[in-house]
Amino acid sequence: LDRGAALGAMVLHEVQDAEHDVHGDRSKLKSSTSSLSGAPAQYISNSSFSSAKQIQTSESERKVIAECTEQAYRMSKQVVLGHNTVLLQRIHVQSVLHETRKSMRGCVMMLLTLVFFVLYTTSSYLHEEIVKGFLMHVPLQDALLEDLPEILSIEDVWSWMERVYIPTFFRQTDMYGEPLSPDEWSRVLHYSQLQGSVRLSQARSIKTFCEDEITAHLLCYPQTEPSSEPFGLPWDSLPAGVNLSAITFQDEGFIVQSSESSRGRRLRPLREEMFRWMPPAGSESTTFRFYLDRLSPLQEIRQRLQYLRARRWLDAQTTQLQLEALVLNPEGDRPKIDKVKVTFYFSRGGGIFSTLRFQSVSLKPWKNSLSLTIDILFLIMLVTFTVLTFHGLIGDARRGEVKSQLQLANVAAWINVGLSWASVGLFHIQNTLGEDVVGILETLASAEGEEYHRAKHDIHEATEGMLVFSSWFHTVSTYMVLLLMARSFLYLECQPRLALVLKTLKVASVDLMHFFLILMPTFVAYGIAGMCIFGKHVDEFSSIHRAIGTCFKIAIESEFDWVKLTSEFTFTAASWVWTYVLL
């Protein structure tokens, strides 16, 4: 060990002497360094310490000698590089090459991401046919919304169904009053047609004495406790004039059947923020159903509705009523089936709220050859992105840099690939279920008797399953577009000029975060205060979600209904408005 240390010290001493003479004799230093740059062992063999070869050393001593020599080699190289303007350290060259490759890869990935974004959005647009859906929904919505917001009682529900709903879906004469053939019955706004039957579904609650000791003598109808008990007036006590021949079997609609396929203050129609306060929908075992067949004569349909009304199908125990109709529009390149669902919520506060929802889906996967071509190109790009993503993972694993996959750009890439394949899977499942729906529609068009009655029930279940996957497909498509946009922003740093945008956002992120820490409590506080002040007479403040949203709207638009807000508690309302506007 002493010999190795002495040998290393002598080598270091010679390098230090060479460093002092660099400016005096650069050529000597270069030649000395060139002999050193070959290998540390060669340097020792060519030095003046050749006598060290004859020293018998152990394995541990040789290791110490090699370490000291390696240190001397590194120091000499640093001396030469420090005084030479031509030579560069290899590590610096490697760093520059690595950054160059990273920048080039980022620019290529940004271009590929933009191409992927264009293909995905084009494919989604061609599949959705947003314009056709809008043209179908708006006229039908205008027809059904007649008097719908004015419904206050059960009597109003029956009246609306007879005056608006039945004439809309069970039209059996043309525009000139001439009778139509049965094949043309139930035309909806001339170009669409009702399929199967309209399904009426009711959920009910139990009737019991109230649990609170103050109101124990009163009857309550807890909306969270569903009832499956038969109800309605007895069959033999029905008033005269009710045509029982229009009824399929006794107690139809007043008992729960197995699955066929295996006066208050007036408010606007119900908004989504209020759903959790409404009575829930019943399960299959607690749902009472009734059907209105499109092939039945209009007089028979009205008699069936009269039967329900006479036996008091809707009463104080009703929590929810759904009217579901399936409308087929054969116009255009792809036929679309549209589910129109009207839901009435019988609030235990005394009011009746309503919602009108449309869900449409195409029965053919592709509109034309262009749509198919776009999908094929998208699939090719998806496979390419998947291969590149896994290639990057494997490369990082080989270099021992797996943690780099946790960077924001890589995480976004993995999420992008996952959601893309999820979109492909959901689209495939939707089309598979669409084939089942097409088969049932063909059965409805040709079958008779028991087979037809079975198909008119099955069409609702099959379409419901298809629409579930369609809604998931729409959700994934929405977030995919936003994710692709965000991923494009992440690649901006690979281009110097575009990177200024991203760097600006990064620099300002801390200040923006502090701003939001002040902004959000302000919105929440004024939202809660507004709900407490206006919530009982202004529907925009009737829930915490709507109150905060209304506060945001006032802040952006600087518009509000002063008369409406100050109709009660004028001074309190004025103080809320003035302080909020000033802040």
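Before reading on, note that the structure itself is shown above.
What you see as residue numbers is a count from 1 along each chain, following the sequence as written. Confidence filtering applies because this is a predicted model: local features only for residues at pLDDT of at least 70, side-chain atom pairs given and counted only at 80 or more, and all residues used for totals across whole chains, interfaces and linings. Side-chain measures here rest on the full set of heavy atoms in the structure, leaving out hydrogens and waters.

**Comments concerning the nonpolar core**
We define a nonpolar core as any set of buried Ala, Val, Leu, Ile, Met, Phe, Trp, Tyr and Cys residues linked to one another through side-chain atoms lying within 4.5 Å. Relative accessibility under 20% of the residue-type maximum defines a buried residue, over 50% an exposed one, and the middle range a partly exposed one, all with a 1.4 Å probe and only protein chains included. Within the largest apolar cluster, 43 residues are counted, with the highest numbers of intra-cluster contacts made by Trp160, Phe169, Trp313 and Phe344. A run of H or I in DSSP becomes a helix once it reaches four residues, and a run of E becomes a strand once it reaches two; helices and strands are each numbered from the N terminus. Listed by contribution, the elements that provide at least two residues to this core are α6 (130-144), α7 (154-169), β2 (192-204), β5 (287-293), α8 (298-310), β6 (318-329), β7 (336-346) and β8 (352-362). Looking at which element gives the most residues to this core, the answer is α7, with eight residues. By definition in these notes, contact holds between two residues if any of their heavy atoms fall within 4.5 Å. For Phe169, the residues in contact, after removing those within four places along its chain, are Leu140, Leu144, Ser186, Val188, Leu194, Ala325, Val327 and Val340.

**Quick notes on the state of the cysteines**
By convention in this document, the label disulfide applies to cysteine sulfur atom pairs within 2.5 Å. One pass over the full model with this rule turns up one disulfide. Between Cys210 and Cys220 runs a disulfide, and the two sulfur atoms are separated by 1.7 Å. What sets the handedness of the Cys210 and Cys220 disulfide is the S-S torsion sign, and at about 90° it is right-handed. With Cys210 in the loop between β3 (208-209) and β4 (219-220) and Cys220 in strand β4, this pair connects stretches of sequence that are ten residues apart. The exposure class assigned to Cys210 is buried, which follows from its relative accessible area of 10%. Accessibility expressed as a relative area gives 28% for Cys220, which makes it partly exposed.

**Comments concerning unusual backbone geometry**
Positive phi, close to 60°, is recorded for Ser186, a residue that is not glycine. Note that Ser186 resides in the loop between α7 and β1 (187-188). Given a relative accessible area of 0%, Ser186 falls into the buried group.

**Considerations on the pattern of salt bridges**
Any carboxyl oxygen of Asp or Glu within 4 Å of a side-chain nitrogen of Lys or Arg constitutes a salt bridge here. Considering all chains together, one arrives at 13 salt bridges under this definition. Here Lys339 makes a salt bridge to Glu324, at a shortest N to O gap of 3.0 Å. A residue pair is termed long-range when its members are at least 10 positions apart, and Lys339 in strand β7 and Glu324 in strand β6 qualify at 15 residues. Here Lys339 matches Glu324 in class, with each residue buried.

**Some remarks on the environment of Ile533**
Looking at where Ile533 falls in the secondary structure, it is placed in helix α12 (residues 496-534). Accessibility expressed as a relative area gives 17% for Ile533, which makes it buried. Not counting chain neighbours up to four residues away, the residues in contact with Ile533 comprise Phe569, Thr572, Ala573 and Trp576.

**Focus: the packing of aromatic side chains**
By convention, a stacked pair of Phe, Tyr or Trp rings (six-membered ring in the case of Trp) has centres within 6.5 Å and planes under 30 degrees apart, an edge-to-face pair has planes over 60 apart, and any other such pair is tilted. Inspection of the entire model under this criterion finds 23 aromatic pairs. Ring centres of Phe534 and Trp576 lie 5.4 Å apart, and the angle between their planes is 85°; this geometry places the pair in the edge-to-face category. In this pair, Phe534 sits in helix α12 while Trp576 sits in helix α15 (residues 570-582), placing the two residues 42 residues apart along the sequence. Among the residues examined, Phe534 registers a relative accessible area of 0% and is labelled buried. The exposure class assigned to Trp576 is buried, which follows from its relative accessible area of 5%. Here the aromatic residues Phe523, Tyr526, Phe534, Phe541, Phe552, Trp576 and Tyr580 are joined through ring pairs into a cluster of three or more. Working rule: Lys NZ or Arg CZ, within 6 Å of ring centre, within 35 degrees of ring normal, means a charge sits over the ring. Note that Arg204 overlies the ring of Phe231, its terminal NZ or CZ placed 3.6 Å from the centroid.

**Some details on a negative patch on the surface**
Like-charged residues are merged into a patch within 9 Å and nonpolar side chains (Val, Leu, Ile, Met, Phe, Trp, Tyr) within 5 Å, provided each residue has over 30% relative accessible area and no salt bridge. Surface exposure here means Shrake-Rupley accessible area, sampled with a 1.4 Å probe, where a residue is shielded only by the protein chains that are shown. Positive: Lys, Arg. Negative: Asp, Glu. His and the chain ends are not part of the count. Just so you know, the charge point we use is NZ for Lys, CZ for Arg, CG for Asp and CD for Glu. Taken together, the side chains of Glu211, Asp212, Glu213 and Glu225 define an acidic patch exposed on the protein surface. Along the chain, the position of Glu213 falls in the loop between β3 and β4.

**Focus: a nonpolar patch on the surface**
Side chains of Tyr479, Leu482, Met485, Phe489, Val501 and Leu505 sit close together on the surface and give an oily, nonpolar patch of about 580 Å² of accessible area. Looking at the nonpolar patch, the elements that each hand over two or more residues are α11 (449-490) and α12. In terms of residue count, the dominant contributor to the nonpolar patch is α11 (four residues). By secondary structure assignment, the location of Tyr479 is in helix α11. On the basis of relative accessible area, Tyr479 is assigned to the exposed category, the value being 52%.

**Some thoughts on the pairing of β6**
Across the twelve residues that make up β6, a large majority, twelve, are buried. Across nine bridges, the pairing between β2 and β6 is antiparallel. Residue pairing in the sheet places Arg199 in a bridge with Glu324 of β6. Here the rule is simple: two strands pair whenever DSSP picks up at least two bridges between them. Of the pairings in the sheet, the one linking β6 to β7 comprises ten bridges and is antiparallel in character. Looking across to β7, one finds that Asn329 is bridged to Lys336. The turn linking β6 back onto β7 is made up of six residues, and Gly332 within it adopts a positive phi angle of 90°.

**Points about α8**
Take the residue count of a helix, subtract one, and multiply by 1.5 Å to get its expected span. For α8, with 13 residues, the first-to-last C-alpha span of 18 Å sits near the 18 Å given by 1.5 Å per residue. The complete set of buried residues in α8 reads Ile301, Gln303, Arg304, Leu305, Tyr307, Leu308 and Ala310. Packing partners of the buried residues in α8 comprise α7, β2 and β5. Of the residues one or two after α8, Arg312 is the one with positive phi, at around 60°.

**What to know about the environment of Ser205**
Its place among the elements puts Ser205 in the loop between β2 and β3. When the C-alpha positions of Ser205 and Ser227 are compared, they lie 4.9 Å apart, and in sequence the two are 22 residues distant. Contacts of Ser205, omitting those with residues within four sequence positions, involve Tyr221, Pro222, Gln223, Glu225, Pro226, Ser227, Gln317, Thr319 and Arg348.

All we've got here are geometric facts, nothing functional implied.
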